[in-house]
Amino acid sequence: MRKTLSLLTLAVGVAFGAQAQAHDLHIHGDRCSFTTDYDVRVNDAGIAFSRDDGTPAKVFMHDGQLRVDGRAVTVHAADAARLRDYEGTVRSLLPEVAGIAREGLDIGFSALTTVATTFAEDGDERARLLARLNRNHAQALSRIDAGLGSGVWGRHDMQDALGDSVEGAVSELVSTVTAGAVKAALSGDQTRIAALEARADSLEKTIDREVDARADRLEVRARALCPRLAALDQLQQQLEFRLPDGSPLRLIGHERAPDADPKLAKDKLATR
């Protein structure tokens, strides 16, 4: 039963991993961990950055022109060129992030579907679980398309929307699989327990062969964004104009990953 529950936890973790990538642009590594306080909206008119807390609250750029909190900012030719590059990079990044989020969800729901198929013993129950997973998968994908896929990166909206889509299906799946595993363990029926363990072994091999391979490819795809995120950071550092309070414009931030902290790295190593 322990292996059964561990594999279920793995499948759930894969499904929720897509949320994390879409939410904060955190790509694990000591040199590629970026985040932003802004919601981003991209359309033909330009790119708008907005947030509820902090200054500036609103930044708008298009074709080398810039507005900060509703006021036009005069920039020289070199900064105008940097702003154009910045805009172009953001425009090209959002569809890539949307694609990564979609693939992450596909992988996660594939893992959850495999769990449901493997452990739901009753045919009607299995069909109901699979139908629920399919509906929630489609709902989550449609929300990505309506958000990131349409050039809108609302940080909290994305997290909440995907959470709603995934959590309901996961909760029902966890309840069904856990109940079946506990029932088998308490029954003392060694034949049924052995069959459950055999299914768990089979599931482990399936996840290793299919899910892990897809997740590894997705990680490579996500890491390919690192140079472009670093280029955005470099461009904003090169901007020479200053905000009214004398500070530079900072739309994204480069964070140190947990592994870069010696204490956290030591703790992580100790848990292996």
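As named in an unreviewed UniProt entry, the protein is DUF2884 family protein, taken from Dyella ginsengisoli.

K.L.:
Sorry, what's going on with the overall build of the protein here?
P.N.:
Each helix and strand in the protein was counted, giving seven helices and eight strands. Per-residue burial over the protein gives 40% buried out of 272 residues. Of the contacts made within the protein by residues no fewer than 6 positions apart, 69% connect residues no fewer than 24 positions apart. Per element, the accessible surface of the protein, about 14,300 Å² overall, is 51% carbon and sulfur.

K.L.:
Help me out: how do you make sense of the packing of aromatic side chains in this one?
P.N.:
How two aromatic rings sit relative to each other is set out by the distance from centre to centre and by the angle between their planes. Counted according to the given criterion, the structure contains two aromatic pairs. Between the aromatic rings of F49 and Y86, the centroid separation amounts to 6.4 Å while the plane-to-plane angle is 65°, which identifies the pairing as edge-to-face. Of this pair, F49 sits in strand β3 (residues 46–50) while Y86 sits in helix α2 (residues 77–119), and the two are 37 residues apart along the sequence. The class for F49 is buried, based on a relative accessible area of 4%. Y86 gets classed as buried once you look at its relative accessible area, which sits at 2%. Through a chain of ring-to-ring contacts, the aromatic side chains of Y38, F49 and Y86 assemble into a single cluster.

K.L.:
Help me understand unusual backbone geometry, please; the structure alone is not making it clear to me.
P.N.:
When glycine is set aside, most residues are seen to have a negative phi, and most peptide bonds are trans. The omega torsion across T55 and P56 is 0°, close enough to zero to call that bond cis. Take P56: it is sitting in the loop between β3 and β4 (58–62). Positive phi is not limited to glycine here, since D63 has a value of about 50°. With respect to the secondary-structure elements, D63 resides in the loop between β4 and β5 (65–68). What makes D63 partly exposed here is its relative accessible area of 45%. Residues other than glycine seldom take positive phi values, yet D69 does so here, at roughly 50°. Inspection of the secondary structure assignment puts D69 in the loop between β5 and β6 (71–73).

K.L.:
Teacher, can you tell me more about the packing of α2 against helix α3 (residues 123–146) here?
P.N.:
A packed helix pair is summarised by two numbers, namely the angle formed by the two axes and the spacing between the axes. Contact geometry of α2 with α3 gives a least axis separation of 10 Å together with a crossing angle of 175°. Here α2 lies roughly antiparallel to α3, going by the angle between them. Mapping the contact onto sequence places A98, A101, R102, L105, D106, F109, L112, T113, A116 and T117 in α2 and R126, L129, L130, L133, N136, H137, A140, L141, I144 and D145 in α3. Broken down by class, the residue content of the contact of α2 with α3 amounts to twelve nonpolar, four polar and four charged.

K.L.:
Quick question: what am I supposed to make of the nonpolar core here?
P.N.:
Side chains of a nonpolar character, in soluble globular proteins, are inclined to be buried together. Counting residues in hydrophobic clusters, the biggest one holds 52 residues, and the most contacted among them are V40, F49, M61, Y86, V90 and L251. Ranked by residues supplied to this core, first place goes to α2 with 18 residues. Here F49 is in contact with Y38, D39, V40, A57, K58, V59, M61, Y86, V90 and L251, once residues within four sequence places are set aside.

K.L.:
What exactly am I supposed to notice about the pattern of salt bridges here?
P.N.:
Two side chains of opposite charge can pair, provided their charged atoms sit close to one another. Here the structure, examined in full by the defined rule, presents nine salt bridges. With a closest N to O distance of 3.0 Å, R84 and D63 form a salt bridge. Note that R84 is positioned in helix α2 and D63 in the loop between β4 and β5, a separation of 21 residues in sequence. Overall, the relative accessible area of 40% leaves R84 in the partly exposed class. Among the ionic pairs, E219 bridges to R223, the shortest N-O distance being 3.4 Å. Of this pair, E219 and R223 both sit in helix α5 (residues 190–223), separated by four residues, roughly a single helical turn. Assessed through its relative accessible area of 36%, R223 is described here as partly exposed.

K.L.:
Explain the environment of A215 here, please?
P.N.:
By the element assignment, A215 lies in helix α5. Judged by its relative accessible area of 29%, A215 is partly exposed. Residues A215 and E103 lie 112 residues apart in sequence; the distance between their C-alpha atoms is 8.9 Å.

K.L.:
Help me understand the sheet that holds β5 in this model?
P.N.:
Whenever strands of a sheet pair, they do so through backbone hydrogen bonds, lying parallel or antiparallel. Here we have six strands laid out as an open sheet, ordered β6-β5-β4-β3-β2-β7, and antiparallel in their pairing. This sheet does not close on itself; its edge strands, each paired only once, are β6 and β7 (152–153). Running over the sheet, α2 touches β2 (39–43), β3, β4, β5 and β7 and is turned about 80° from β3.

About the cut-offs
Residues numbered from 1 in each chain as written. Predicted model: local features only at pLDDT ≥ 70, side-chain atom pairs only at ≥ 80, totals over all residues. Heavy atoms only, no water. Helix = DSSP H or I, 4+ residues; strand = E, 2+ residues; numbered from the N terminus. Buried < 20%, exposed > 50% of the residue type's maximum accessible area, 1.4 Å probe, protein only. Contact = heavy atoms within 4.5 Å. Areas by Shrake-Rupley, 256 points an atom, 1.4 Å probe, with all protein chains shown as cover. Phe/Tyr/Trp six-rings, centres within 6.5 Å; stacked < 30°, edge-to-face > 60°. Axes fitted to C-alpha atoms, helices over the stretch in contact; angles between N-to-C directions. Parallel < 35°, antiparallel > 145°, perpendicular 65-115°, else oblique. Nonpolar A, V, L, I, M, F, W, Y, C, P; charged D, E, K, R; others polar. Core = buried A, V, L, I, M, F, W, Y, C linked by side-chain atoms within 4.5 Å. Salt bridge = Lys/Arg side-chain N within 4 Å of Asp/Glu carboxyl O. Pairing = 2+ DSSP bridges.

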